[in-house]
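Here are the chains, one letter per residue:
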Amino acid sequence: MKLSRRCTGSTAIAILAGSQVANCLSLDLSSPDSIKSVASTIAYDMMLYYTGNHTGDIPGNLPAPYYWWEAGAMFGAMVDYWYFTGDTTYNDVTTEALLWQVGPNRDYMTPNQTKTEGNDDQGFWGLAAMSAAEVNFPNPPSDQPQWLALAQAVFNTQAPRWDTTSCGGGLKWQIFTFNNGYNYKNAISNGCFFNLGARLAKYTGNDTYSDWAEKTYVWMESIGLIDQRYYVFDGSDDTINCTKVNLLQWTYNAGAMLLGAANMYNHTNGSTIWKTRLDGLVTGLDVFFPNGQNVMQEVACENNGLCNVDQHSFKAYLSRWMAATTKMAPYTYDTIMAKLAPSAKAAAAQCCGGENGRTCGLKWSMGSTWDGSYGVGQQMAALEVIQSNLISQVAGPVTNSTGGTSVGDPNAGSTTVSYLPIGPATTADRGGAGFLTAVVLISFIGMMWWMIVE
């Protein structure tokens, strides 16, 4: 059955979740055309969930149950899709979304997201803009904010939030005091900041960004968010001065640190310290490829069926950042592709469900037996890991001295925007990349998942 591009998000979900028929995707990794064809199909099915281009809807937003941050992450995947395949089908809608959500100060601080926007949420939109600058995604009209300037604006709004009142520094998860999780200093908020700073340093040559990246990495090590095995843990509570760490490991935390370290390695001309860190982080990825198999797993929630809507997408970002790492540190190519290639084959085989017979699930290790799950996250994860196998076919990221055309503004985002106070966010209001602190505590203490280290 051919899906109509006119399907609404709810109709698309119903179709994709229907009874299974035999029409699984067939992927030949030795053929770039096969990879592009499969990526095109998955991208098409993923974009059926998007309703922001419908009359009366808001560009850049996904319908419930998806939160604002995941829309930014999804359009980052569509920047990647164009980069890897050259297919311009979704360029206009991607540009519209990335520009519509910039907010009044052009820094991805949108007032209508105040109840849900954390540093990580804003960070994912900034990283999408950074990717657009790095791959020379078609620039916006000159009267609109430019990709590089948007990435700089996100960085410039986050650096002043560095909090030295507890834990010796770091970014809090939340931006606003009235949001749950304000006391949590987590790996993904700091990881996105680190990732963005490292990439801005590489793109612009400005060591202010790399200084911040170095500072962030060292701080994360100092409180135990990165340990001696180069495992990256979820976060800590600043009310106890970050003396205990939540030892949950998520793919996107490791990925954010990996690509940031690769950019720092490249920016510092292969310095010993950054090579050591990068090598350690590459080795640390093994936790997500268990049982001697090179098939990526979200080990904290995949096998027990506890992944939430956000977590269904996390493997997309590790795949994305692993592939990008090979451009910044080419010596990692063989090691990384030895994991991305089998994962891509397994992901394609799992795209075997729904009424269309090709809906992607999460559990890639199950082969062609669809796991029954579906959604933006599952489609995006499959898309990113599959199209990442084209990384050797495309040029590396550009900089402002090697062909980058995006116009920057080192002062972008420096004007403070005031928001009127609003009521505290409810559990239903709060989304973003990760759990609420309260939810983490309730869910994982009882299950022995909330592990602590002194």
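Per chain, residues are indexed from 1 in the order of the written sequence. Where totals are concerned, whole chains, interfaces and linings use all residues; where local detail is concerned, this predicted model gives features only for residues with pLDDT of at least 70, and gives and counts side-chain atom pairs only at 80 or more. With hydrogens and water set aside, each side-chain value is computed from the structure's full complement of heavy atoms.

Draft legend 1. View of the overall build of the chain. Per the convention used, a helix needs a DSSP run of H or I reaching at least four residues, while a strand needs a run of E reaching at least two, with both numbered from the N terminus. Helix and strand counts for the chain stand at 14 helices and five strands. Note on exposure labels: buried denotes an accessible area under 20% of the residue type's maximum, exposed denotes more than 50%, and partly exposed covers the range between, all computed with a 1.4 Å probe on protein chains only. Across the 454 residues in the chain, those meeting the buried criterion constitute 61%. Residues are treated as being in contact if the distance between any of their heavy atoms lies within 4.5 Å. Considering only contacts in the chain between residues 6 or more positions apart, those separated by 24 or more positions represent 71%. Carbon and sulfur atoms form 53% of the exposed surface of the chain, whose accessible area is close to 16,200 Å². For the accessible areas, the method is Shrake-Rupley and the probe is 1.4 Å, while residue cover comes only from the protein chains on display.

Draft legend 2. Representation of the state of the cysteines within the structure. Only a pair of cysteine sulfur atoms within 2.5 Å counts as a disulfide in this structure description. Summed over the entire model, instances satisfying the criterion amount to four disulfides. Paired through a disulfide, Cys301 and Cys307 show a sulfur-sulfur distance of 1.9 Å. Between Cys301 and Cys307 the sulfur-sulfur dihedral comes to about 90°; the bridge is accordingly right-handed. When its relative accessible area of 13% is taken as the criterion, Cys307 is described as buried. Covalent S-S linkage joins Cys351 and Cys360, the inter-sulfur distance amounting to 2.0 Å.

Draft legend 3. Layout of the packing of helix α5 (residues 119-134) against helix α6 (residues 147-158). With axes taken as lines fitted to C-alpha atoms, and helix axes fitted only over the stretch in contact, angles between N-to-C directions fall between 0 and 180 degrees. Closest axis-to-axis distance for the α5/α6 pair is 7 Å, and the angle between their directions is 150°. With respect to each other, α5 and α6 are oriented roughly antiparallel. In this structure, α5 meets α6 at a crossing whose hand is left-handed. Residues Asn119, Gln122, Gly123, Gly126, Ala129, Met130, Ala132 and Ala133 of α5 touch α6, and the partners they reach there are Trp147, Leu148, Leu150, Ala151, Val154, Thr157 and Gln158. Just so you know how the angles are binned, under 35 degrees is roughly parallel, over 145 roughly antiparallel, 65 to 115 roughly perpendicular, and the rest oblique. Helix crossings are classified by the rotation of the near helix relative to the far one: an anticlockwise turn of less than a right angle makes the crossing left-handed, while a clockwise turn makes it right-handed.

Draft legend 4. Up close: empty space enclosed by the protein. Buriedness for pockets is judged along seven lines, at least five of which must meet protein on both sides within 12 Å for an open set on the 1 Å grid over protein atoms alone, while cavities are sets there where a 1.4 Å probe fits but cannot get out, and lining residues have an atom within 4 Å of a point. Grid points are joined across faces, edges and corners, and a volume is the space filled by probe spheres set on the points. Counted according to the given criterion, the structure contains three cavities of 30 Å³ or more. Here the largest cavity defines a volume of roughly 240 Å³. Looking at the lining of the largest cavity, the elements with two or more residues in it are α3 (68-85), α5, α9 (251-267) and α11 (314-328). Looking at the lining of the largest cavity, the element that brings in the most residues is α11, giving six residues. Its residues placed into classes, the lining of the largest cavity shows 12 nonpolar, two polar and five charged. Asp, Glu, Lys and Arg are counted as charged, while Ala, Val, Leu, Ile, Met, Phe, Trp, Tyr, Cys and Pro are counted as nonpolar; the rest, among them Gly, fall into the polar class.

Draft legend 5. Summary view of the side chain of Asp234. One can find Asp234 in the loop between α8 (207-222) and β2 (235-237). Setting aside anything within four residues of it in sequence, one finds Asp234 in contact with Tyr184, Asn186, Ala187, Leu225, Asn246, Leu248, Trp250 and Asn253.

Draft legend 6. Structural context of the environment of Ser131. Locating Ser131 in the fold gives a position in helix α5. Its relative accessible area of 8% is what places Ser131 among the buried residues. Residues Ser131 and Leu196, spaced 65 residues apart in sequence, show a C-alpha to C-alpha distance of 9.8 Å. When neighbours within four sequence positions are excluded, Ser131 is seen to be in contact with Val79 and Arg199.

Draft legend 7. Highlighting α3. With 18 residues, α3 ought to run about 26 Å at 1.5 Å a step, and its terminal C-alpha atoms sit 26 Å apart, in line with that. α3 sits mainly inside the fold: 18 of its 18 residues count as buried. Just beyond α3, the residue with positive phi is Gly86, at close to 80°. Helix span is expected to be 1.5 Å times the residue number reduced by one.

Draft legend 8. Highlighting the packing of aromatic side chains. We call Phe, Tyr and Trp rings a pair once their centres come within 6.5 Å, taking the six-membered ring for Trp, and we label the pair stacked below 30 degrees between planes, edge-to-face above 60, and tilted otherwise. Under the definition given, this model contains 30 aromatic pairs. Taking the centre distance of 5.1 Å and the plane angle of 25° together, the rings of Trp68 and Trp125 count as stacked. Of this pair, Trp68 sits in helix α3 while Trp125 sits in helix α5; the two residues are 57 residues apart in sequence, bridging distant segments of the chain. Neither Trp68 nor Trp125 differs from the other in exposure class; each is buried. Ring plane angle 10° and centroid distance 3.7 Å describe the contact between Tyr252 and Phe314, whose orientation is recorded as stacked. Taken together, the residues Tyr252 in helix α9 and Phe314 in helix α11 connect sequence positions 62 residues apart. Phe314 shares its class with Tyr252; the two are buried. Through successive ring pairs, a cluster of aromatic residues spans Trp69, Phe124, Trp250, Tyr252, Phe314, Tyr317 and Trp321. Across from the ring centre of Tyr182, 4.2 Å away, lies the NZ or CZ of Lys172, which sits over that ring. Two conditions define a charge located above a ring, namely a distance within 6 Å from the ring centre to NZ of Lys or CZ of Arg, and an angle within 35 degrees of the ring normal.

Draft legend 9. Spatial organisation of helix α10 (residues 272-284). Relative to the 18 Å expected for 13 residues at 1.5 Å per residue, α10 spans 18 Å between its end C-alpha atoms, a close match to the ideal helical length. The inward-facing, buried residues of α10 contact α7 (187-204), α8, α9, α11 and α12 (333-350).

Draft legend 10. Representation of the sheet that holds strand β3 (residues 245-246). Pairing is antiparallel across the open sheet formed by three strands, whose spatial order is β1-β2-β3. Pairing within the sheet leaves two strands with one partner each, and these edge strands are β1 (184-186) and β3. We treat two strands as partners when DSSP finds at least two bridges between them. Both β2 and β3 contribute to a ladder of two bridges, which runs antiparallel. Among the inter-strand pairings, Ser236 is bridged to a residue of β3, identified as Val245. Lying on the sheet, α7 is in contact with β1 and β2; it crosses β1 at an angle near 45°.

Draft legend 11. Quick look at the pattern of salt bridges. A carboxyl oxygen of Asp or Glu within 4 Å of a side-chain nitrogen of Lys or Arg is what we treat as a salt bridge. The full count for this structure, using the stated rule, is 11 salt bridges. In this structure, Arg358 engages Asp45 in a salt bridge whose closest nitrogen and oxygen atoms are separated by 2.6 Å. One end of the pair, Arg358, is in the loop between β4 (351-353) and β5 (359-360); the other, Asp45, is in helix α2 (residues 32-47), with 313 residues separating them in the sequence. On the basis of relative accessible area, Arg358 is assigned to the buried category, the value being 10%.

Draft legend 12. Here's a closer look at the packing of α8 against α9. Relative to each other, α8 and α9 sit at 130°, their axes nearing to 11 Å. Classified by the angle their axes make, α8 and α9 are oblique. Considering the relative orientation of α8 and α9, their crossing is left-handed. For the pair formed by α8 and α9, the contact residues are Asp207, Ser210, Ala213, Glu214, Tyr217 and Met220 on the first element and Met257, Met264 and His267 on the second. Class assignment of the residues belonging to the contact of α8 with α9 gives a composition of five nonpolar, two polar and two charged.

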